[in-house]
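Survey of secondary and tertiary structure
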Amino acid sequence: MPRPIEALIHTEALAANLARARQAAPDARVWAVVKANAYGHGIERAFAGLRGADGFALLDLDEAERLRRLGWRGPILLLEGCFEPRDLETCSRLGLWHAVHCDAQIDWLAAHKTQQPHRVFLKMNSGMNRLGFRPEAFRGAWARLDALPQVDEISLMTHFADADGPGGVARQMATFAAATRDLPGERSLSNSAATLRHAASVGVTADWVRAGILLYGSAPDHPQHDSAHWGLQPAMTLRARLLAVQALQPGDAVGYGGHFVADAPMRIGVVACGYADGYPRVCPTGTPVLVDGVRTRTVGRVSMDMITVDLGPVPAAGPGSEVTLWGRGPGAAVLPIDEVAQAAGTLGYELMCALAPRVPVRVVD
Ligand SMILES: *Cc1c(COP(=O)(O)O)cnc(C)c1O
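The structure presented is a predicted model; accordingly, all values stated were derived computationally and were not measured.

**Focus on the overall build of the protein**
Secondary structure summary: the protein contains eleven helices and 19 strands in total. Dimensions of the protein, computed from the C-alpha atoms along their principal axes, are close to 75 × 40 × 35 Å. The buried share of the protein, reckoned over its 365 residues, is 55%. For the protein, contacts bridging at least 24 residues in sequence account for 64% of all contacts bridging at least 6. Counting only carbon and sulfur atoms, one obtains 51% of the accessible surface of the protein, whose full area is about 15,500 Å². Positive and negative side-chain charges of the protein, numbering 35 and 37 respectively, have mean locations separated by a distance of 1 Å.

**Overview of the nonpolar core**
Residues Leu145 and Leu325 are the most contacted members of the largest nonpolar core, which totals 109 residues. A domain-level breakdown of this core finds at least three residues from each of domain 1 (11-216) and domain 2 (236-364). In this structure, leucine 325 is in contact with Leu238, Arg239, Ala240, Cys273, Tyr279, Val289, Ile307, Leu335 and Val340, ignoring residues within four places of it in sequence. Among the nonpolar cores identified, the runner-up in size contains seven residues, and Leu248, Val254, Phe260 and Ala262 belong to it.

**Re the packing of helix α3 (residues 43-50) against helix α4 (residues 61-69)**
At a closest axis distance of 11 Å, the pairing of α3 and α4 adopts a crossing angle of 55 degrees. Classified by the angle their axes make, α3 and α4 are oblique. For the crossing formed where α3 meets α4, the hand is right-handed. Counting all contacts with α3, which are made through Ile43, Glu44 and Phe47, the residues of α4 involved are Glu63, Arg66 and Leu67.

**Topic: the site of the ligand**
Surveying the vicinity of the ligand reveals the residues Val33, Lys35, Tyr39, Leu79, His159, Asn191, Ser192, Arg210, Gly212, Ile213 and Tyr349. At a separation of 3.5 Å, a nitrogen atom of the ligand approaches a polar side-chain atom of histidine 159. Here serine 192 contributes a side-chain N or O atom positioned 2.5 Å from an oxygen atom of the ligand. Calculation on the ligand without its partners gives an accessible area of 390 Å², and the protein chains cover 92% of this total. When grouped by side-chain class, the residues that make up the shell around the ligand number five nonpolar, four polar and two charged.

**Describing the pairing of strand β16 (residues 307-310)**
Taking every second residue as pointing to the same face, both faces of β16 are buried, with Ile307 and Val309 on one and Thr308 and Asp310 on the other. Inspection of the sheet shows strand β13 (residues 266-271) paired to β16 by four bridges, in the antiparallel sense. When the sheet's bridge partners are listed, isoleucine 268 is paired in β16 with aspartate 310. Direction of pairing for strand β15 (residues 294-299) relative to β16: antiparallel, over a ladder of two bridges.

**Let's talk about the pattern of salt bridges**
This structure, assessed with the given rule, holds 20 salt bridges. Between arginine 66 and glutamate 44 there is a salt bridge, with its nearest N and O atoms 2.8 Å apart. In this pair, arginine 66 is assigned in helix α4 and glutamate 44 in helix α3, connecting sequence segments 22 residues apart. For arginine 66, a relative accessible area of 21% puts it in the partly exposed group. Of the charged contacts, one joins glutamate 322 and arginine 239 as a salt bridge, the two residues approaching to 3.5 Å between their closest N and O atoms. One end of the pair, glutamate 322, is in strand β17 (residues 322-328); the other, arginine 239, is in strand β10 (residues 236-248), with 83 residues separating them in the sequence. By sharing partners, the salt bridges in this structure join Arg3, Asp277, Asp305 and Arg358 into a single network.

Parameters at a glance
Residues numbered from 1 in each chain as written. Predicted model: local features only at pLDDT ≥ 70, side-chain atom pairs only at ≥ 80, totals over all residues. Heavy atoms only, no water. Helix = DSSP H or I, 4+ residues; strand = E, 2+ residues; numbered from the N terminus. Buried < 20%, exposed > 50% of the residue type's maximum accessible area, 1.4 Å probe, protein only. Contact = heavy atoms within 4.5 Å. Areas by Shrake-Rupley, 256 points an atom, 1.4 Å probe, with all protein chains shown as cover. Lys, Arg positive; Asp, Glu negative; His and termini not counted. Charge placed at Lys NZ, Arg CZ, Asp CG, Glu CD. Core = buried A, V, L, I, M, F, W, Y, C linked by side-chain atoms within 4.5 Å. Domains from an automatic or database assignment. Axes fitted to C-alpha atoms, helices over the stretch in contact; angles between N-to-C directions. Parallel < 35°, antiparallel > 145°, perpendicular 65-115°, else oblique. Left-handed = near helix turned anticlockwise from the far one by under 90°. Near = heavy atom within 4 Å. Polar contact = N/O pair within 3.5 Å; in protein donor to acceptor, adjacent residues only side chain to side chain. Nonpolar A, V, L, I, M, F, W, Y, C, P; charged D, E, K, R; others polar. Pairing = 2+ DSSP bridges. Salt bridge = Lys/Arg side-chain N within 4 Å of Asp/Glu carboxyl O.

Structure representation (structure tokens):
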């Protein structure tokens, strides 16, 4: 028997979350952002749930190739564009659209030999200061691209730094609007947080939204709002079983370092999941977990292959009982990945992307 741990990818949840993005941005087309192997879900595994998107956005040319191999003939956008000149050959061969964020990428295009002109997304740095042309350089870059026979349609994009936080989107939107006022072309501004939180700001959803985290059922602005608030469903479940049960007496310590000490008699369960499966080692005692669908907490340190949980709220649990680390439990129980991430001091994004290769993954409907 394999070690009793697995991850489930919920096709219906992906499709429902995509529908949620459409509902939030009814006039826009939706890029399903599937970078980082579909945020750890697996591009091939997520494809069935997301194939209703208008296009797929990602970073790696390998991942674009995998999407074409799945039979996807629609738009694919490279969010960071090309990394070296010969990537343009892959773009020509696979019909990829690509971001252009710097002068070197324009130089490479000017030297590229292609039958088929490329659709490009010219990126503005409207305040985040990672990628893109500054507003005052944007028109010049646009004019250079527009003069190239290698370039077909030019779309305009930018990325928000604080759509999920108090900074909001207004400043960057104003910067973008001012610097693009007379330029033709489709626009793409919003990530998940902007799509869900700022859809009422005129122009924010524009022609294309770039939906990432929301597709996977994590709230982009947790803990201010949770996934239930936004009507999102978990697309990934990580579950395992109890390997053993220990009866502790007052004064008994648990796990490496003996960091948790029982102050009364208690039963603890030993779960077949550890940090080598992608469960964060930094999760402290008290991190939420479901046993047989009942909410309880971890106790003691997370080790490589095991964690220990308080069975107080689930007296009937024993070896073989189902443990939900995040996602869907038995019945209607749900443990949002965001709650576990919060206990670990991080985001749902990091946890789902870090699911370890040794965990077997199954796609369910
Ligand atoms: C990752 C990414 C997104 C998606 O962000 P989410 O917060 O996951 O919705 C959108 N746009 C760009 C440029 C990205 O890199």
